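Structural description and commentary
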2 protein chains.
Amino acid sequence: MSHILIIGGSDAGISAALRAKEIDPAVMVTVVVADNYPNYSICGLPFYLSGEVPDWHDLAHRTQADIERAGIHLLLNQTAKSIDPQGKRVSTRDQSGSVTALSYDKLVIGTGAVSVRPRIGGLALPGVYPMRWMADALAVEQYLVEREPQSAVIIGGGYIGLEMADALTRRGLKVTVVEYFPSVLNTVDPAFGHSVQEELERHGMRVVTGITVERIEQQGNTLAVMGSHDFRADADLVLYATGVHPSTALAESAGVAMGVRGALRVNRAMETNIPDIYAAGDCVETWHRLLLTNTYLPLGTTAHKQGRVAGENAAGGHRKFAGSLGTQVVKVCDLVVAATGLREREATQAGFDPLEVETAAWDHKVYYPGAQTLQIRINGDRQTGRLLGAQMIGHRHAEIAKRIDVVAAAMTAEMTVDALMDLDLSYTPPLGTPWDAIQVSAQAWMNTKSRMPDKGEHHA
Amino acid sequence: MSHILIIGGSDAGISAALRAKEIDPAVMVTVVVADNYPNYSICGLPFYLSGEVPDWHDLAHRTQADIERAGIHLLLNQTAKSIDPQGKRVSTRDQSGSVTALSYDKLVIGTGAVSVRPRIGGLALPGVYPMRWMADALAVEQYLVEREPQSAVIIGGGYIGLEMADALTRRGLKVTVVEYFPSVLNTVDPAFGHSVQEELERHGMRVVTGITVERIEQQGNTLAVMGSHDFRADADLVLYATGVHPSTALAESAGVAMGVRGALRVNRAMETNIPDIYAAGDCVETWHRLLLTNTYLPLGTTAHKQGRVAGENAAGGHRKFAGSLGTQVVKVCDLVVAATGLREREATQAGFDPLEVETAAWDHKVYYPGAQTLQIRINGDRQTGRLLGAQMIGHRHAEIAKRIDVVAAAMTAEMTVDALMDLDLSYTPPLGTPWDAIQVSAQAWMNTKSRMPDKGEHHA
């Protein structure tokens, strides 16, 4: 019987396992899981720590029993220590230190990513935590319960940092967010980042941007976070969420080649350079549908898709990963921010001639109660009219997440901005407008473009 | 100066006027409006009568002043009586009976549709109203205020009938809905219609299906609605909303050719058979993107798009209407029902080999508070895998309207059902799942298809 061995029990690994069994129920599938939490939704950790999800067990996408019922063997609390590509064996170590050798026919590496450890002093102090894995969240929860911290500093104003700021504020803590860049949520336009900052402040948080945190010191019962421009904030708890880095040491030591930004190199079949070794998820580079090249875009959705492709191919299939557009969304307090595709700067770097236009539009007919405006930035190529990306921000009831999905679908089909006007979208006054907000923004883009001097001659 | 004359001041007519002025600010644009309510959102009438929109003036998409500021001449309370295509003149009559002759260079007909008058006795009785235009709504509102009816019978369980049932229930009336077909909301699957019926009943309405209403009688102070199977319901108010019929008499008398289902024939430039006469909106047939033929699908969104094309072309442009997918959505109490594309039966008639699969999926991660299931029916062609349509039903907070839009965008791009799996859609636990509900349903479709015997040989 053929054996597919999978290293990593998060999104990519479990997706690969499930798909392999779907494709070939006769194949044996084993997943080596470094902790005791297979298939946990790490995107849900902030909502556990906020108290919105009272029981952390509920964060499992599937229970251990579900996975095992699908015929998948789980080896929990086992760390893969080395891969022997010639002998097709992986050695693992459990918590007691005992070593096991596992043979494989096909290997899928889904080791994910780890929190970047910023280069600042004091990260090892009690009360200072990264925020990435289930174990991090359980440690913070224990600290919250036992130590009852009254205040927190969060280093990093990205998705996770802001979700954690929201969560700890709900939990009653006084929260300060410290961001290196001039605005939080650096993945979207600074104007949107500024709106998010105002939303955080409206909910009682302090937000400080443009600060390089230099060190954390224990001063009596307090943790003092100090940085550039004489920044100082005191707190009982410090979290850092300053980005992630692909977790590749195991694969590298086995000779797996590296790609962009320190991630494992893979082709669109999710094959590495080593025969019979696949890799997927936050540890690998990602094919970008618009850039037509590999980039590093660690996202749960992508990990699921890549894992599924790896699992299908490991089980004998021939599927290719279709690629990412970097589509993402985050809820911060009552605001939702979403983005897909390229921002103006990224598009310029990629050789496009982008024009990004911002518009305000209603989520539904303004006469019907509860109407909200959303801000939309549409990016398109001035030469070809091609749709290159969109960013949206607005109230959490403005159905922004699915509107960005409409744009993502349109980009997948390589539509022009103008073609958005022709989409037959749904309308009823409580839920939309006759021209959807996306189409209002497309029209604004067309109008702006038509008023601009034609740059086409420079490219002739 | 060139003169574009537009007959009809609702969605198609005003869209045409605005677009014509955008394309050529020098053109003279006149809109003949049969009533005093130009550019009113007739889709909003139920929400005015429910009390959710307290002031009916708010139902205007734009005010009269807005439209006139765009340089458009409005002739209110003027009915176009005849068109002379040779002399390029239209004669209109105002409420006093005085006749005016208007010359045109280009004419756009946007006369809309009228309520079908069902063949039942008693429609002229006091307290019996159609529900289509602003004047209908104002008459009903006056009746509600002056006569304080305690109960209503609504004949017709389509979109408007159900929205009115919801509205009058909110207004405190005891409502009975009578539907000819075996289930309400005949535009979607009967199982979905049944769920809608349950929702209406949960909100205190009585719903009776499979009934042919035969007559309405005044019996003392009461209106008695009687029909097949000994149906009888007594009420103080009766509304009928049993579909619409294109309003074409004026155009027909001028020699405009007819197309499908009694609608005016147009090409995709929205030109009729008569030179310099365009038509758009609920009075014309509609190009269907999947059927690749004309059909009759009167929808506000389509009227806006067709009007825009007609206005652009009347002003010298060369735009084509891209076509409809029949995308639509309705909110009934706390449920939302949406559909796009073809149902199984329609697809079979069109020569496809459809397979429609129903799936339940969560709108967002179940661990996050407020998660709702939605039911999705995906229709695809078994031979080619092509996506043919979708229907969805679920809670009004489940972002169903925009999810159907994602499917509509995918169908526009002629994607397969399988290709939905590859869409890079957004995810955050409060607003979605790593595989969106659409993708969960696509996967279910693929699984069902793979379990079915291959019918391909019959087509070889």
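Predicted model only: the values in this text are computed from it and were never measured.

**Structural notes on helix α10 (residues 400-412) of chain B**
All names here are of chain B. The terminal C-alpha atoms of α10, which comprises 13 residues, lie 18 Å apart, in line with the 18 Å expected from a rise of 1.5 Å per residue. For α10, the buried fraction is high: 13 of the 13 residues fall into the buried class. Glutamate 414 sits one or two residues past α10 and shows a positive phi near 55°.

**Quick word on the packing of aromatic side chains**
Per the stated rule, a full pass over the model turns up 12 aromatic pairs over all chains. On the basis of an interplanar angle of 40° and a centroid distance of 6.0 Å, the ring pair of Tyr40(B) and Trp56(B) is categorised as tilted. Placement of Tyr40(B) in the loop between β2 (28-32) and α2 (45-49) and of Trp56(B) in the loop between α2 and α3 (64-69) is noted, with a sequence separation of 16 residues between them. Given the relative accessible area of 21%, Trp56(B) is considered partly exposed. Counting every residue linked through ring pairs, the aromatic cluster contains Tyr37(A), Tyr40(A) and Trp56(A). Over the face of the ring belonging to Trp435(A) we find Arg308(B), whose NZ or CZ atom lies 5.6 Å from the ring centre.

**A few points about the interface of chain B and chain A**
The parts lose accessible area when they come together, and the size of an interface is often stated as this lost area. Counting residues at the interface gives 64 residues for chain B and 63 residues for chain A. Contact between chain B and chain A buries roughly 5,800 Å² in total, counting both sides, with carbon and sulfur atoms accounting for 58%. In this assembly, chain B and chain A are joined by 6 salt bridges. Put simply, Asp422(B) and Arg319(A) hold a salt bridge, and the shortest N to O gap is 3.5 Å. Counting residues per element, the ones that place at least two in the side of chain B that touches chain A are α8 (300-314), β21 (328-332), α10 and α12 (437-451) of chain B.

**Details of the environment of Asp35(A)**
All names here are of chain A. Following the sequence through the fold, aspartate 35 ends up in the loop between β2 (28-32) and α2 (45-49). It is 41 Å that separates the C-alpha atoms of aspartate 35 and leucine 374, two residues lying 339 residues apart in sequence. Leave out the neighbours within four places in its chain, and aspartate 35 touches Leu76 and Asn77. A polar side-chain atom of aspartate 35 sits 2.9 Å from the main-chain amide nitrogen of tyrosine 37.

**So, the pattern of salt bridges**
By the definition in use, this model includes 42 salt bridges over all chains. The salt bridge partner of Glu356(A) is Arg377(A), with a shortest N-O separation of 2.7 Å. Of the two residues, Glu356(A) is situated in strand β23 (residues 354-362) and Arg377(A) in strand β24 (residues 373-381); the sequence distance between them amounts to 21 residues. With respect to burial, Glu356(A) and Arg377(A) carry one shared label: buried. Where Arg171(B) meets Glu141(B), a salt bridge forms, and the shortest distance between an N and an O atom there is 2.9 Å. Of the two residues, Arg171(B) sits in the loop between α5 (159-170) and β11 (174-178) while Glu141(B) sits in helix α4 (residues 134-147), which places them 30 residues apart along the sequence. One network of salt bridges, with partners in common, ties together Asp189(A), Glu356(A), Glu358(A) and Arg377(A).

Here is what the cut-offs are and how they apply
Residues numbered from 1 in each chain as written. Chains lettered and ligands numbered in written order. Predicted model: local features only at pLDDT ≥ 70, side-chain atom pairs only at ≥ 80, totals over all residues. Heavy atoms only, no water. Helix = DSSP H or I, 4+ residues; strand = E, 2+ residues; numbered from the N terminus. Expected span 1.5 Å × (residues − 1). Buried < 20%, exposed > 50% of the residue type's maximum accessible area, 1.4 Å probe, protein only. Phe/Tyr/Trp six-rings, centres within 6.5 Å; stacked < 30°, edge-to-face > 60°. Lys NZ or Arg CZ within 6 Å of the ring centre and 35° of its normal. Contact = heavy atoms within 4.5 Å. Buried area = accessible area lost by both parts, 1.4 Å probe. Salt bridge = Lys/Arg side-chain N within 4 Å of Asp/Glu carboxyl O. Polar contact = N/O pair within 3.5 Å; in protein donor to acceptor, adjacent residues only side chain to side chain.

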